[in-house]
Amino acid sequence: MLLNAVALLLTVLYPLAIWFGHGLVEPRWLALLLVLAIACRLPALKLQRAARWSAAAALLLVAVALWSNLLLPLKLYPVLVNAVLLATFGYSLWTPQSMVERLARLREPDFPPAAMRYTRRVTQVWCGFFIVNGGIALVTAVWASDAVWSLYTGVIAYILMALLFGGEYLVRLRFKRLHHA
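Residues numbered from 1 in each chain as written. Predicted model: local features only at pLDDT ≥ 70, side-chain atom pairs only at ≥ 80, totals over all residues. Heavy atoms only, no water.

## Notes on the overall build of the protein
No. 1: Secondary structure summary: the protein contains 8 helices and 0 strands in total.
No. 2: Reading the protein from its N terminus to its C terminus gives the helix and strand order α-α-α-α-α-α-α-α.
No. 3: Over its C-alpha atoms, taken along the principal directions, the protein stretches across nearly 55 × 35 × 30 Å.
No. 4: Within the protein, the proportion of its 181 residues that are buried is 36%.
No. 5: In the protein, the share of contacts with a sequence separation of at least 24, taken over all contacts with a separation of at least 6, comes to 67%.
No. 6: Across the protein, the mean location of the 16 positive side-chain charges is 5 Å away from that of the 6 negative side-chain charges. (Helix = DSSP H or I, 4+ residues; strand = E, 2+ residues; numbered from the N terminus. Buried < 20%, exposed > 50% of the residue type's maximum accessible area, 1.4 Å probe, protein only. Contact = heavy atoms within 4.5 Å. Lys, Arg positive; Asp, Glu negative; His and termini not counted. Charge placed at Lys NZ, Arg CZ, Asp CG, Glu CD.)

## Here's the deal with helix α3 (residues 49-68)
No. 1: Compared with an ideal rise of 1.5 Å per residue, which puts 20 residues at 28 Å, α3 spans 29 Å between its outermost C-alpha atoms and is within 8% of the ideal.
No. 2: Listed in full, the buried residues belonging to α3 are Ala51, Ser54, Ala55, Ala58, Leu61, Val62 and Ala65. Down the axis of α3, the sector holding all buried residues measures 120°, keeping them to one side. Structural note: α3 exposes Arg49, Trp53, Leu60 and Trp67 on the side pointing more than 90 degrees away from its buried face.
No. 3: Within two residues after α3, asparagine 69 carries a phi angle of roughly 60°, on the positive side. (Expected span 1.5 Å × (residues − 1). Arc of directions from axis to C-beta.)

## Details of the side chain of serine 150
No. 1: Positionally, serine 150 belongs in helix α8 (residues 146-179).
No. 2: With a relative accessible area of 1%, serine 150 lands in the buried category.
No. 3: Apart from the residues lying within four places of it in its own chain, the contact partners of serine 150 are Pro15, Leu16, Trp19 and Val155.

## Details of the pattern of salt bridges
No. 1: Counted under the stated rule, the structure contains 5 salt bridges.
No. 2: Its salt-bridge partner being lysine 75, residue aspartate 146 comes within 2.8 Å of it at the nearest N-O pair. With aspartate 146 in helix α8 and lysine 75 in helix α4 (residues 72-75), this residue pair connects regions lying 71 residues apart in the sequence. Note on accessibility: aspartate 146 and lysine 75 belong to one class, buried.
No. 3: Between glutamate 108 and lysine 176 there is a salt bridge, with the nearest N and O atoms lying 2.9 Å from each other. Taken together, the residues span a long stretch of sequence, with glutamate 108 in the loop between α6 (99-105) and α7 (113-143) and lysine 176 in helix α8 at a distance of 68 residues.
No. 4: With relative accessibility at 37%, the residue glutamate 108 sits in the partly exposed group. (Salt bridge = Lys/Arg side-chain N within 4 Å of Asp/Glu carboxyl O.)

## Structural notes on unusual backbone geometry
No. 1: Unusually for a residue other than glycine, asparagine 69 sits at a positive phi of about 60°.
No. 2: Among the secondary structure elements, asparagine 69 is positioned in the loop between α3 and α4.

## Describing the packing of aromatic side chains
No. 1: As enumerated under the stated definition, the model contains 8 aromatic pairs in all.
No. 2: Here tryptophan 19 and phenylalanine 20 contribute two aromatic rings whose centre-to-centre distance is 4.8 Å and whose plane-to-plane angle is 40°, an arrangement assigned as tilted.
No. 3: A residue is classified by how much of its surface remains accessible, and phenylalanine 20, at 56% relative accessible area, is exposed.
No. 4: Pairing phenylalanine 129 with phenylalanine 130 gives two aromatic rings, centres 5.9 Å apart and planes at 70°, and the pair type is edge-to-face. The pair formed by phenylalanine 129 and phenylalanine 130 is uniform in burial state, with each residue classed as buried.
No. 5: One aromatic cluster is present, built from ring pairs that chain together Phe89, Trp126, Phe129, Phe130 and Phe165. (Phe/Tyr/Trp six-rings, centres within 6.5 Å; stacked < 30°, edge-to-face > 60°.)

## Details of the side chain of lysine 75
No. 1: With relative accessibility at 5%, the residue lysine 75 sits in the buried group.
No. 2: A distance of 2.8 Å separates a polar atom in the side chain of lysine 75 from a polar atom in the side chain of aspartate 146.
No. 3: Discounting residues that sit within four places of it in the chain, lysine 75 has contacts with Ile18, Thr140, Ala141, Ala144, Asp146 and Trp149. (Polar contact = N/O pair within 3.5 Å; in protein donor to acceptor, adjacent residues only side chain to side chain.)

Coordinates in, geometry out; function isn't part of it.
As structure tokens, then:
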């Protein structure tokens, strides 16, 4: 639990650390932040195949940053995170239970058919979010300044995510009222 919290904190603060460290610290040293975040996730890697692939891809970004001493591979990490989330949520659309339904069933195991359709739609919305968010992260990593990249990936993306969570929560409350669920 503590390692997951540290990994989450490192992931959230990562863009800001890259921005503040750029010009002061060589990219190969900043890459160690990513190694630390991956190390905190090691206990979960035994359980989740997607987590193992994500860690391997992140380590590839680290290796390129260490070898080249360039910042770009480190700036691509948020793109990787969005791609992994898109793959995970997107794959679940081809299974009987979408990702959002699986998460919702942890709290409410009994689901009417209308709720299953609703959670599938919410999973599709999240897939759209990951496409747009990952695309913007890619564009800012490649063509924008480090400050713009950090602002987007370290602040704006989280605000957009919170707005999507909050908006979906309000829609869900209305859905439950209308469907007596």
